[in-house]
Amino acid sequence: MNRVADYGRPLDAFLNSRLNNALREYVPNILETLVQSQLNKRFDHALFGLKPKHGIYSAHPTINDELPNRIASGTVRVKPQIESFTEKGLRFVDATAVEHVDNVILCTGYSIEFPCLEKGNLVKVRDNELDAYQYIYPTALEHETLGLIGLIQPLGSIMPIAEMQARVFLDVLSGTTKLPSNKERAEHVRATRERMQQRYLASRRHTIQVDCIPYMDQLAELIGCTPPAWQSFLTDPRMAFATAFAPCASNFYRLRGPHPWKEARAAILTIEDRIVQATDAKAKGSCFNAIRSQQVHQFATLLIFIVVLIIAFV
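Quantities reported herein were computed from a predicted structural model and do not represent experimental measurements. (Residues numbered from 1 in each chain as written. Predicted model: local features only at pLDDT ≥ 70, side-chain atom pairs only at ≥ 80, totals over all residues. Heavy atoms only, no water.)

A closer look at the packing of aromatic side chains
How two aromatic rings sit relative to each other is set out by the distance from centre to centre and by the angle between their planes.
For step 1, the next point in the chain: Throughout the structure, instances matching the rule amount to four aromatic pairs.
For step 2, the next point in the chain: When the centroid spacing of 5.3 Å and the interplanar angle of 65° are considered together, the rings of Phe43 and Phe48 count as edge-to-face.
For step 3, the next point in the chain: For Phe48, a relative accessible area of 17% corresponds to the buried category. (Phe/Tyr/Trp six-rings, centres within 6.5 Å; stacked < 30°, edge-to-face > 60°. Buried < 20%, exposed > 50% of the residue type's maximum accessible area, 1.4 Å probe, protein only.)

Here's the deal with the side chain of Arg167
For step 1, the next point in the chain: Here Arg167 shows up in helix α6 (residues 158-173).
For step 2, the next point in the chain: Buried charge without a partner: Arg167 forms no salt bridge, and the closest opposite charge is Glu163, 5.3 Å away.
For step 3, the next point in the chain: When sequence neighbours within four positions are dropped, the list of residues in contact with Arg167 reads Ile223, Cys225, Tyr253, Arg254 and Pro258. (Helix = DSSP H or I, 4+ residues; strand = E, 2+ residues; numbered from the N terminus. Lys, Arg positive; Asp, Glu negative; His and termini not counted. Salt bridge = Lys/Arg side-chain N within 4 Å of Asp/Glu carboxyl O. Contact = heavy atoms within 4.5 Å.)

Some points on the nonpolar core
A general trend in soluble globular proteins is that nonpolar side chains are found buried together.
For step 1, the next point in the chain: Membership of the largest hydrophobic core comes to 39 residues, with the highest contact counts inside it found for Tyr137, Met164, Tyr215 and Tyr253.
For step 2, the next point in the chain: Elements supplying a minimum of two residues to this core: β6 (132-133), α6, α8 (212-223), α9 (237-245) and α10 (264-269).
For step 3, the next point in the chain: When residues of this core are assigned to their parent elements, the largest contribution, seven residues, is made by α8.
For step 4, the next point in the chain: Not counting the four nearest positions on each side in its chain, Tyr215 is found in contact with Gln134, Tyr135, Ile136, Ile152, Ile161, Gln165 and Val210.
For step 5, the next point in the chain: One finds Met1, Leu23, Val35 and Ile56 within the second-largest nonpolar core, a separate group that totals ten residues. (Core = buried A, V, L, I, M, F, W, Y, C linked by side-chain atoms within 4.5 Å.)

Regarding the sheet that holds strand β3 (residues 97-98)
For step 1, the next point in the chain: Spatial ordering of the open sheet is given by β1-β2-β3, a layout of three strands whose pairing is antiparallel. Two strands lie at the open edges of the sheet, namely β1 (82-85) and β3, each paired on one side alone.
For step 2, the next point in the chain: As paired strands, strand β2 (residues 90-92) and β3 are joined by two bridges and run antiparallel to one another. Each residue of the ladder has a partner; that of Arg91, found in β3, is Ala97. (Pairing = 2+ DSSP bridges.)

Notes on α6
For step 1, the next point in the chain: Counted at 1.5 Å a residue, the expected span for α6 with its 16 residues is 22 Å, and the 22 Å between its end C-alpha atoms agrees.
For step 2, the next point in the chain: Buried within α6 we find Ile161, Ala162, Met164, Gln165, Arg167, Val168, Phe169, Asp171 and Val172.
For step 3, the next point in the chain: Turning to α6, the residues buried within the fold contact β7 (137-138), β8 (153-154), β9 (209-210) and α8.
For step 4, the next point in the chain: Between a side-chain oxygen at the N-terminus of α6 and the backbone nitrogen of Met159 the separation is 3.4 Å; the capping residue is Ser157.
For step 5, the next point in the chain: At the C-terminal side of α6, Gly175 shows a positive phi close to 90°. (Expected span 1.5 Å × (residues − 1). Polar contact = N/O pair within 3.5 Å; in protein donor to acceptor, adjacent residues only side chain to side chain.)

Considering the side chain of His60
For step 1, the next point in the chain: Of note, His60 is situated in the loop between α3 (28-42) and α4 (67-73).
For step 2, the next point in the chain: The buried category is assigned to His60, whose relative accessible area is 19%.
For step 3, the next point in the chain: Among the polar contacts made by the side chain of His60, one reaches the side chain of Gln153 at a distance of 3.3 Å.
For step 4, the next point in the chain: Excluding residues within four positions of it along the chain, His60 makes contact with Gln153, Pro154, Leu155, Tyr200, Arg205, His206 and Gln209.

A few points about the confidence of the model for the chain
For step 1, the next point in the chain: When pLDDT is averaged along the chain, the result is 86; 90% of the residues meet or exceed 70.
For step 2, the next point in the chain: Taken element by element, the chain is modelled with least confidence in helix α12 (residues 287-313), mean pLDDT 63, and with most confidence in α6, mean pLDDT 96. (pLDDT = per-residue confidence, 0-100.)

Comments concerning the packing of α6 against α8
For step 1, the next point in the chain: Contact geometry for α6 and α8: axes closest at 9 Å, N-to-C directions at 20°. Relative to α8, the element α6 is oriented roughly parallel. The handedness of the crossing between α6 and α8 comes out as left-handed. Between α6 and α8, the contacting residues are Pro160, Ile161, Met164, Gln165, Arg167, Val168 and Asp171 on the first element and Cys212, Tyr215, Met216, Leu219, Ala220, Leu222 and Ile223 on the second.
For step 2, the next point in the chain: The residue makeup of the contact of α6 with α8, split by class, is eleven nonpolar, one polar and two charged. (Axes fitted to C-alpha atoms, helices over the stretch in contact; angles between N-to-C directions. Parallel < 35°, antiparallel > 145°, perpendicular 65-115°, else oblique. Left-handed = near helix turned anticlockwise from the far one by under 90°. Nonpolar A, V, L, I, M, F, W, Y, C, P; charged D, E, K, R; others polar.)

Comments concerning the environment of Asp65
For step 1, the next point in the chain: Among the structural elements, Asp65 can be located in the loop between α3 and α4.
For step 2, the next point in the chain: Under the relative-accessibility criterion, Asp65 is labelled partly exposed at 27%.
For step 3, the next point in the chain: In this structure, the C-alpha to C-alpha distance between Asp65 and Arg3, residues 62 residues apart in sequence, is 6.4 Å.
For step 4, the next point in the chain: Each residue touching Asp65, except ones within four places of it in the same chain, is listed here: Asn2, Arg3, Val4 and Arg42.
For step 5, the next point in the chain: A distance of 3.0 Å separates a polar atom in the side chain of Asp65 from the backbone nitrogen of Arg3.

Quick word on a nonpolar patch on the surface
For step 1, the next point in the chain: Together, Ile82, Phe85, Val104 and Leu106 make up an exposed nonpolar region whose accessible area comes to about 400 Å².
For step 2, the next point in the chain: With respect to the helices, strands and loops of the structure, Val104 is situated in the loop between β3 and α5 (115-119).
For step 3, the next point in the chain: The class for Val104 is partly exposed, based on a relative accessible area of 40%. (Patch = residues over 30% accessible without salt bridge, like charges linked within 9 Å, V, L, I, M, F, W, Y side chains within 5 Å. Areas by Shrake-Rupley, 256 points an atom, 1.4 Å probe, with all protein chains shown as cover.)

Quick notes on the environment of Leu222
For step 1, the next point in the chain: Note on placement: Leu222 falls in helix α8.
For step 2, the next point in the chain: Placed 45 residues apart in sequence, Leu222 and Thr177 show a C-alpha to C-alpha distance of 7.1 Å.
For step 3, the next point in the chain: Leaving out residues up to four positions away in the same chain, Leu222 has contacts with Tyr133, Val168, Thr177 and Leu179.

In structure tokens:
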């Protein structure tokens, strides 16, 4: 996936909307087919030797604008897995070989380790799997006095999620919020891990995956700041439009609950303005103007899909 989506909008601004989240939740197979078709319009992954054996949403995506161009210009060549190393080169599983190799870069990712905490049995990590309620509270601890902030791999920005984690931890630490029982937390960890294993390709890199909006909503529910899912189209149509189509930023979680912000609504309605100002400091307008082309197209596609479904079942 490239960083810039249709009509020049940042990819995460497009993907992390409540409409797209609803599509992922209720019609995941159809959405995956549409996304795969869209990606292959930009460049055919099979033609470029990049088509994986798993689905798009079964692995953390690679966000890179340069790779297709480098492959097309010949500065990068895609090869299969390495079978073995020779004295100065290497051999691939397709029987091809390279006689001389200057450097080999192993992109193996990271191992989750907490030597001091694990030594004191405060945190338990097994093959990158961590027993922690909502990826914050280690289940090995009886009390909620230790929290892990930012130990997640989201489909979206990590900073708003880390902020929400900190809000939950401090709210619990102050005694304002009570967490579920230890038994319920352990069951939540088990169920979450099972759900992630069913969705993602088995790998050490997919043990702390979270979907941005559902995870933020779960944390917000703990402290009572869940944003209104869908504002009334009659009483506040601009906010309703932003709720459905705008990127789900932290401002949505300051509309109500602990520590609300009176300017949250105004900030939400001008999210797209601030995105556009990164390319043009003088750009001004509204949420409607900034996302009109892309989201009208998406909305039209959704309506066509609904009509087709109705016709198919009538």
